[in-house]
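Reading the structure
Residue strings, one per chain:
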Amino acid sequence: MSDEIKPDELLNKIDYGPTKKSEPASWMDTSTQIRPGMYCYAAKAESVETLSLPNARPWNPLEDDWKLPDNWQEILHQGIKERLEKFRTFKIFMDVCVRCGACADKCHFFLGTGDPKNMPVLRAELLRSVYRNDFTTAGKILQKFPGGQRLNGARPLTLDVLKEWWYYFFQCTECRRCSVFCPYGIDTAEITIMGRELLNLIGLNIDWIATPVSNCFQTGNHLGIQPHAFKDMIDFFVEDIEDVTGVNVEPQMNIKGADILFITPSGDVFADPGTYTCEGYMILFKYLKDKYDLNVTWSTYASEGGNFGFFTSHETMKRLNAKMYAEAKRLGVKWILGGECGHMWRVINQYMDTMNGPADFLEEPVNPITGTKFENSKSTKMVHITEFTADLIKHGKLELDKSRNANRIMTFHDSCNPARGMGLLDEPRYIIENCCDHFYEMPPNTIRELTFCCGSGAGLNAGENIELRMAGGLPRANAVKYVHEKFGVNSLGTICAIDRAALPTLMEYWVPEVEVCGIHELVGNALILPGEKRRTEDLRFEPLPGVEPEEEEDE
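Counting restarts for each chain: residues are numbered from 1 in the order of the written sequence. It should be noted that, the model being predicted, local features are given only for residues of pLDDT at least 70 and side-chain atom pairs only at 80 or more, the latter also being counted only at that level, while totals for whole chains, interfaces and linings use all residues. Computation of side-chain values covers all heavy atoms of the structure but excludes hydrogens and water.

Quick look at the overall build of the protein chain
This is how the line gets drawn: Only runs of H or I of at least four residues qualify as helices and only runs of E of at least two qualify as strands under DSSP, and these elements are numbered from the N terminus. A radius of gyration in this sense is built from C-alpha atoms; the matching globule rule multiplies 2.2 Å by the number of residues raised to 0.38. The buried label applies to any residue whose accessible area, calculated with a 1.4 Å probe on protein chains only, is under 20% of its type's maximum; exposed applies above 50%, and partly exposed to all values in between. Accessible surface is estimated by sampling points in the Shrake-Rupley manner with a 1.4 Å probe; for residues, cover comes only from the protein chains shown.
Looking only at helices and strands, one finds 24 helices and nine strands in the protein chain. The globule rule puts the C-alpha radius of gyration for 555 residues at 24 Å, and the 24 Å found for the protein chain is close to it. Across the 555 residues that make up the protein chain, the buried fraction comes to 59%. Within the structure as shown, the protein chain displays about 22200 Å² of accessible surface, and the carbon and sulfur contribution to it stands at 49%.

Quick look at the sheet that holds strand S6 (residues 409-412)
Using the following cut-off: Any two strands with at least two DSSP bridges between them are considered paired. Note on definitions: a residue-residue contact is assigned when non-hydrogen atoms from the two residues lie within 4.5 Å. Axes here mean lines fitted to C-alpha atoms, for a helix over just the part in contact, with angles spanning 0 to 180 degrees between N-to-C directions.
Here we have four strands laid out as an open sheet, ordered S7-S6-S8-S9, and parallel in their pairing. Two strands close off the open sheet at either side, each with one partner strand: strand S7 (438-439) and strand S9 (515-518). Pairing between strand S8 (residues 491-494) and S9: four bridges, direction parallel. Within S9, the residue paired with Leu492 across the bridge is Val516. Here helix H20 (residues 426-435) sits on the sheet in contact with S6 and S7, set at roughly 175 degrees to S6. Packed on one face of the sheet, helix H24 (residues 519-526) meets S6, S8 and S9 and runs near 75 degrees to S9.

A closer look at the pattern of salt bridges
Filter applied, for reference: Salt bridges are defined by distance alone: a side-chain nitrogen of Lys or Arg within 4 Å of a carboxyl oxygen of Asp or Glu.
For the structure on display, the rule yields 34 salt bridges. For Arg35, the salt bridge identified is with Glu467, shortest N-O distance 3.2 Å. Of this pair, Arg35 sits in the loop between helix H1 (7-13) and helix H2 (45-50) while Glu467 sits in helix H21 (residues 466-472), placing them 432 residues apart in sequence. Accessibility expressed as a relative area gives 3% for Glu467, which makes it buried. Residues Glu521 and Arg408 are paired through a salt bridge, measuring 3.5 Å at the closest nitrogen-oxygen approach. Taken together, the positions of Glu521 in helix H24 and Arg408 in the loop between helix H18 (385-394) and S6 put the pair 113 residues apart, joining distant regions of the chain. This pair shows no difference in class: Glu521 is buried, exactly as Arg408 is.

Thoughts on the packing of aromatic side chains
For any two aromatic rings, the description comes down to two numbers: the centre-to-centre distance and the angle of the planes. Here is the rule we go by: To pair, rings of Phe, Tyr and Trp, with the six-membered ring standing in for Trp, must have centres within 6.5 Å; the planes then decide the type, stacked if under 30 degrees apart, edge-to-face if over 60, and tilted in the middle.
All told, the structure shown has 21 aromatic pairs when counted by the stated rule. Measuring from centroid to centroid gives 4.9 Å for Phe262 and Phe285, while their planes differ by 70 degrees, and the two rings are edge-to-face. Taken as a pair, Phe262 in strand S2 (residues 260-263) and Phe285 in helix H15 (residues 274-292) lie far apart in primary sequence, 23 residues in all. The two residues Phe262 and Phe285 agree in class, both being buried. Through pairs of rings, three or more aromatic residues link up here, namely Tyr39, Tyr41, Trp59, Trp66, Trp166 and Phe170.

Regarding the domain arrangement of the protein chain
Spelled out, the test is: Note that domain bounds follow an automatic or database assignment of domains. Here the quantity called buried area is the accessible surface, traced with a 1.4 Å probe, that two parts lose on coming together, added over both. Two N or O atoms count as a polar contact when they lie within 3.5 Å, although within protein this holds only if one can serve as hydrogen donor and the other as acceptor, and sequence-adjacent residues are included solely when both atoms are side-chain atoms. Charged means Asp, Glu, Lys or Arg here, nonpolar means Ala, Val, Leu, Ile, Met, Phe, Trp, Tyr, Cys or Pro, and polar covers whatever is left, Gly included.
Each assigned domain of the protein chain is listed here: domain 1 (25-205) and domain 2 (213-526). Placing the centre of domain 1 and that of domain 2 at their C-alpha centroids yields a distance of 32 Å. In total, about 3000 Å² of surface goes out of reach between domain 1 and domain 2, with carbon and sulfur atoms giving 61% of it. Counting every contact that joins domain 1 to domain 2 gives one salt bridge. Along the contact surface separating domain 1 from domain 2 lie 15 residue pairs in polar contact (both at pLDDT 80 or more). Elements represented by at least two residues in the side of domain 1 that touches domain 2 include exactly H2, helix H5 (108-113), helix H10 (177-181) and helix H11 (188-200). Here the side of domain 1 that touches domain 2 takes seven residues from H11, the largest share from any one element. Split into classes, the residues belonging to the side of domain 1 that touches domain 2 amount to 17 nonpolar, ten polar and nine charged.

Re the nonpolar core
In globular proteins that are soluble, nonpolar side chains generally tend to be buried together. This is how it is decided: Residues belong to a common nonpolar core when they are buried Ala, Val, Leu, Ile, Met, Phe, Trp, Tyr or Cys residues joined through side-chain atoms within 4.5 Å.
Ranked by size, the top nonpolar core spans 98 residues in total, and within it Leu127, Leu162, Trp165, Trp166, Leu204, Met507 and Trp510 carry the most contacts. Mapping this core onto the domain boundaries places at least three of its residues in each of domain 1 (25-205) and domain 2 (213-526). Beyond its immediate chain neighbours, meaning those up to four positions away, Trp510 contacts Pro7, Leu10, Leu11, Met470, Leu474 and Ala477. Counting residues in hydrophobic clusters, the runner-up holds 71 residues, among them Ile260, Ile283, Leu288 and Cys341.

Focus on the environment of Ile260
Looking at where Ile260 falls in the secondary structure, it is placed in strand S2. For Ile260, a relative accessible area of 1% puts it in the buried group. Look past the residues within four positions of Ile260 in its chain and what remains in contact with it is Leu294, Asn295, Val296, Thr297, Val333, Trp335, Ile336 and Leu337.

Comments concerning the sheet that holds strand S3 (residues 296-298)
Strand order across the open sheet formed by five strands is S1-S3-S2-S4-S5, with parallel pairing between neighbours. Lying at the two open borders of the sheet, with one neighbouring strand each, are strand S1 (252-253) and strand S5 (382-384). Of the strand pairs in this sheet, S1 and S3 are connected by two bridges, and their pairing is parallel. Looking across to S3, one finds that Met253 is bridged to Trp298.

Here you go:
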């Protein structure tokens, strides 16, 4: 935490009051102070070079000289012009906002920081003010008159404005909660996406995005893990699962002609508590192989479901998404099953068809065990694993022992991209209710389509910006704290790898009594494998509730 700031101290820093008389009268007159704890480090030059992005060089946001191209204003002006012509939504979003403020108090970063420039309407104005100045008839006319620019809410693109863009477009997780409340349907996340894409034209990315993108482009996953290391980690899980269940669940790797290709975020393979979710997948696939002869293959090439290209540019997002479909074609599978991830599903559900589709070499997804057609995946040929597992449970195809999760008093965090971006709301809850005895919802204005963000998405899950993350995650933590105090909730379920990485830190800070888990960790605990031994521990090697460990016989 920046300067080891305590929770009460962070709460005391939030100020929602109006501008003080000693401060400038207009937001356009304020300068940006880039403060440690609130920003991410600059992208490494080698990561930018790998992706063939412009202006690769070492630079520091805290220094005055950002080592920009001499013609940076011209580059950005041309970049805006091209995107206004290419993306109709961008042009509409620049024009139709009436600054009604309906979105203002819906952003977790504004609620957590009190900074008015984190109001979605004002964050968008940072870009919209330059648009009005340079790309509208009124702006070009009014700037000729004294006070005309201010009357039009317009301003020229200066270095101060550019730094303001960089600071605040990387204080947005593109969660789209604000868009739910906008009477004109403006998607402020799309404006942030455009803002970041423009910043990339002059080499202004952050390392927590650029390096994972570079790694994924080179090795197939965000962590830069080579195929043999990926397989080694899976082998570790096989050993752990066998210790718990007595069953060898070794998965199939790179198998041509399998029924299904399974792809999950690399965080599930290399970071707790996602590793327990990964073990849950492996147990499920072993069960389906033994019971129904379903062949699921993993890939050491397409070893990443997440897509940090989404936070870079449309073209980079397209390049990274393509590898999953290229691997599905190479292996000759019928369709793709995707793990518990957030932005993977936003990209697939909202962008796949126009970026890489149609995937007409794959079959329309049908569950071979139940016969269910996944109509929503008819075009993308990719099914979310909670849809798949919920369908199996609904048709009575899984044998589950809920008592193994009896120690978990659950609530569920709707991850922004699967919930708002995909409409995946009921399936995860259905699985929880069939794997656990105790489940309580957070307040209705904090879940489902109205869910609050974890505060660390869109590439902001770094360590150097921890104060921003804890402030941005405050609304979600408040809702968890409510159900913890009212119902004794001790477990927060989620279906996003970023959430599984970010929420444990958030809970430790705000609600330390609550643990974070993936939904398929619960499935892995509850599922009764054919031939398994008497289980006494869960996947975390913690004692199962109500089960006494077997006493070792004296030699």
